[in-house]
Amino acid sequence: MTMKFGLIGGGVMGEALLSRLIARGIYQSSEVIVSEPLSSRLDFLKQQYDVAVTTDNSEVFTQVKEVVFLAVKPQVFSAIAQELADIDILNKEHSPLIISILAGVPLSQLEAAFVQLPVIRAMPNTPATVGAGITAICSGAYTNAKHQQIAQRVFSAVGEVVEVSETLMDAVTGLSGSGPAYVALLVEALADGGVSAGLPRAIANQLALQTVLGTAKLLHETKMHPAELKDRVTSPGGTTIAGIAKLEQAGFRSALIEAVKAATERSQELGK
Ligand SMILES: NC(=O)C1=CN([C@@H]2O[C@H](COP(=O)(O)OP(=O)(O)OC[C@H]3O[C@@H](n4cnc5c(N)ncnc54)[C@H](OP(=O)(O)O)[C@@H]3O)[C@@H](O)[C@H]2O)C=CC1
Ligand SMILES: O=C(O)[C@@H]1CCC=N1
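Quantities reported herein were computed from a predicted structural model and do not represent experimental measurements.

Details of unusual backbone geometry
Inference 1: With a phi close to 65 degrees, Gln116 is a non-glycine residue in the positive phi region.
Inference 2: With respect to the helices and strands, the residue Gln116 is situated in the loop between helix 5 (107-113) and strand 6 (119-123).
Inference 3: The exposure class assigned to Gln116 is partly exposed, which follows from its relative accessible area of 48%.
Inference 4: Its identity is not glycine, yet Lys223 carries a phi of approximately 60 degrees, on the positive side.

Rendered as structure tokens:
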């Protein structure tokens, strides 16, 4: 069987992508090979998705014809690049497209490791797991329209896709890549506030989650500016403005701005 999709690193994001690509029929299980160091994890992925597995990354490179998807931690990238340096990928009949989702690792480093191969750098996020992700992509020097279509097809299976210039990829990482964690913190803290105000935990969790989900849906569907929605909720002399005054006092907006900036800077550091 021809292997079309190879995943190097079957962790959180690797599995999120893999599960949707198979569920949506973008790739058949029999066309996928996953490489991972941990055999218990490989056993799980094999059993769950019926894919071929290996502990040898070079097998992925030699077998796969369409996409090699890198989903390891940025910290192990140089070890992997070293490992693959000896493989003659260029002389394969079909050179695969390399898609990297590694935070911070720039196209220049990827293209130095995969000489003359088409490379696309991408930054998805964890809502990809339920098809509600957003991925920013930017293309390397050796890509063509077909490679871009492949990347669009892969990431469209897990949510929205935007194309950005590479100079913006660290900022994307700081906002939408890391953003699900900020929103999860918000949901948790809102529920804690409800419990503090006397609500039972289960009801507080449900109210907090649905409030965030519903607000996002409202903004998304109506295209209303967030400031307008805030104004609509805020009755003169009412409850909401009392809450907002506390948020402003605590530096809520500034904390989020600083969080995105800090994550962006960390992404830049990871690429050095
Ligand atoms: N988590 C997220 O929300 C997002 C993550 N990313 C990026 O995705 C990448 C993966 O992140 P995430 O899924 O969270 O991390 P995980 O640690 O969950 O996944 C990485 C996987 O790679 C495996 N691995 C380690 N070394 C090797 C190796 N030499 N060869 C093959 N596989 C190896 C790890 O195995 P083991 O555990 O045994 O070491 C692990 O299963 C990162 O580069 C991150 O920047 C991008 C967008 C969002
Ligand atoms: O925290 C990280 O480094 C990764 C990249 C974006 C989300 N998670």
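Let's pick the thread back up.
Details of the packing of aromatic side chains
Inference 1: Applying the stated criterion across every chain yields a total of 5 aromatic pairs.
Inference 2: Relative to Phe155, the ring of Phe69 lies with its centre 5.9 Å away and its plane at 50 degrees, an arrangement referred to as tilted. In this pair, Phe69 is assigned in strand 4 (residues 64-70) and Phe155 in helix 6 (residues 145-156), connecting sequence segments 86 residues apart.
Inference 3: Chaining the aromatic ring pairs together yields one cluster made of Phe5, Tyr27, Phe69 and Phe155.

Concerning the pairing of strand 7 (residues 133-139)
Taken residue by residue, a regular strand's side chains alternate between the two faces of the sheet.
Inference 1: The element strand 7 is extensively covered by neighbouring structure, given that 5 of its 7 residues are classed as buried.
Inference 2: Pairing of strand 6 with strand 7 involves 4 bridges; the strand directions are antiparallel. Residue pairing for strand 7: Ile120 is matched across the bridge by Ser139.
Inference 3: With 5 bridges joining them, strand 7 and strand 8 (residues 159-163) adopt parallel strand pairing. Paired with Ala136 across the bridge in strand 8 is Val162.
Inference 4: For the crossover from strand 7 across helix 6 to strand 8, the handedness is right-handed.

Overview of the site of ligand 1
Inference 1: Surrounding ligand 1, one finds 22 residues, the nearest of these being Val12, Met13, Glu36, Val72 and Lys73.
Inference 2: Between ligand 1 and Met13 there is a distance of 2.9 Å, counted from an oxygen atom to a backbone nitrogen or oxygen.
Inference 3: Between ligand 1 and the protein, one listed contact pairs an oxygen atom with a backbone N or O atom of Val72 at 2.6 Å.
Inference 4: For the shell around ligand 1, a count of residues per class yields 14 nonpolar, 6 polar and 2 charged.

Observations regarding the UniProt feature "binding site: NADPH" (unreviewed entry) in the protein chain
Inference 1: According to UniProt, the positions carrying the feature "binding site: NADPH" (unreviewed entry) are Asn57.
Inference 2: Looking at where Asn57 falls in the secondary structure, it is placed in helix 3 (residues 57-63).
Inference 3: Not counting residues within four places of it along the chain, the set of residues in contact with Asn57 comprises Ile8, Ser35, Ile80, Glu83 and Leu84.

Description of the environment of Leu70
Inference 1: Checked against the element boundaries, Leu70 lands in strand 4.
Inference 2: On the basis of relative accessible area, Leu70 is assigned to the buried category, the value being 0%.
Inference 3: For the pair Leu70 and Gly14, spaced 56 residues apart in sequence, the C-alpha to C-alpha distance is 8.1 Å.
Inference 4: In contact with Leu70, other than residues within four places in its own chain, are Ile8, Phe77, Ile98, Ile99, Ser100, Ile101, Leu102, Leu110 and Phe114.

Looking at a nonpolar patch on the surface
Inference 1: Among the surface-exposed residues, Val183, Leu186, Leu190, Leu247, Phe252 and Leu256 lie close enough to one another that they form a single nonpolar patch of about 450 Å² accessible area.
Inference 2: Contributing elements (two or more residues each) for the nonpolar patch: helix 8 (179-196) and helix 12 (252-270).
Inference 3: When residues in the nonpolar patch are grouped by element, the largest group, 3 residues, is from helix 8.
Inference 4: Within the element layout of this structure, Leu256 appears in helix 12.
Inference 5: A residue is classified by how much of its surface remains accessible, and Leu256, at 38% relative accessible area, is partly exposed.

Overview of the packing of helix 8 against helix 9 (residues 201-222)
Two measures define how a pair of helices packs: the angle their axes make with one another and the distance between the axes.
Inference 1: The interhelical angle for the contact between helix 8 and helix 9, taken along N-to-C directions, is 135 degrees, at an axis separation of 8 Å. Taken together, helix 8 and helix 9 sit at an angle that is classed as oblique. Crossing handedness for the pair helix 8 and helix 9: right-handed. Residues Val183, Leu186, Val187, Leu190, Ala191, Asp192, Gly194 and Val195 of helix 8 touch helix 9, and the partners they reach there are Arg201, Ala204, Asn205, Ala208, Leu209 and Val212.
Inference 2: Looking at the contact of helix 8 with helix 9 residue by residue, the classes come out as 10 nonpolar, 2 polar and 2 charged.

Some remarks on the environment of Ser176
Inference 1: Examined against the element boundaries, Ser176 turns out to sit in helix 7 (residues 169-177).
Inference 2: In this structure, the C-alpha to C-alpha distance between Ser176 and Lys223, residues 47 residues apart in sequence, is 18 Å.
Inference 3: Setting aside its immediate chain neighbours within four residues, Ser176 contacts Asn125 and Ile134.

Thresholds, definitions, all that
Residues numbered from 1 in each chain as written. Chains lettered and ligands numbered in written order. Predicted model: local features only at pLDDT ≥ 70, side-chain atom pairs only at ≥ 80, totals over all residues. Heavy atoms only, no water. Helix = DSSP H or I, 4+ residues; strand = E, 2+ residues; numbered from the N terminus. Buried < 20%, exposed > 50% of the residue type's maximum accessible area, 1.4 Å probe, protein only. Phe/Tyr/Trp six-rings, centres within 6.5 Å; stacked < 30°, edge-to-face > 60°. Pairing = 2+ DSSP bridges. Right-handed = clockwise from strand over helix to strand, strands pointing away. Near = heavy atom within 4 Å. Polar contact = N/O pair within 3.5 Å; in protein donor to acceptor, adjacent residues only side chain to side chain. Nonpolar A, V, L, I, M, F, W, Y, C, P; charged D, E, K, R; others polar. UniProt positions renumbered as here; feature names shortened; annotations may be inferred. Contact = heavy atoms within 4.5 Å. Patch = residues over 30% accessible without salt bridge, like charges linked within 9 Å, V, L, I, M, F, W, Y side chains within 5 Å. Areas by Shrake-Rupley, 256 points an atom, 1.4 Å probe, with all protein chains shown as cover. Salt bridge = Lys/Arg side-chain N within 4 Å of Asp/Glu carboxyl O. Axes fitted to C-alpha atoms, helices over the stretch in contact; angles between N-to-C directions. Parallel < 35°, antiparallel > 145°, perpendicular 65-115°, else oblique. Left-handed = near helix turned anticlockwise from the far one by under 90°.

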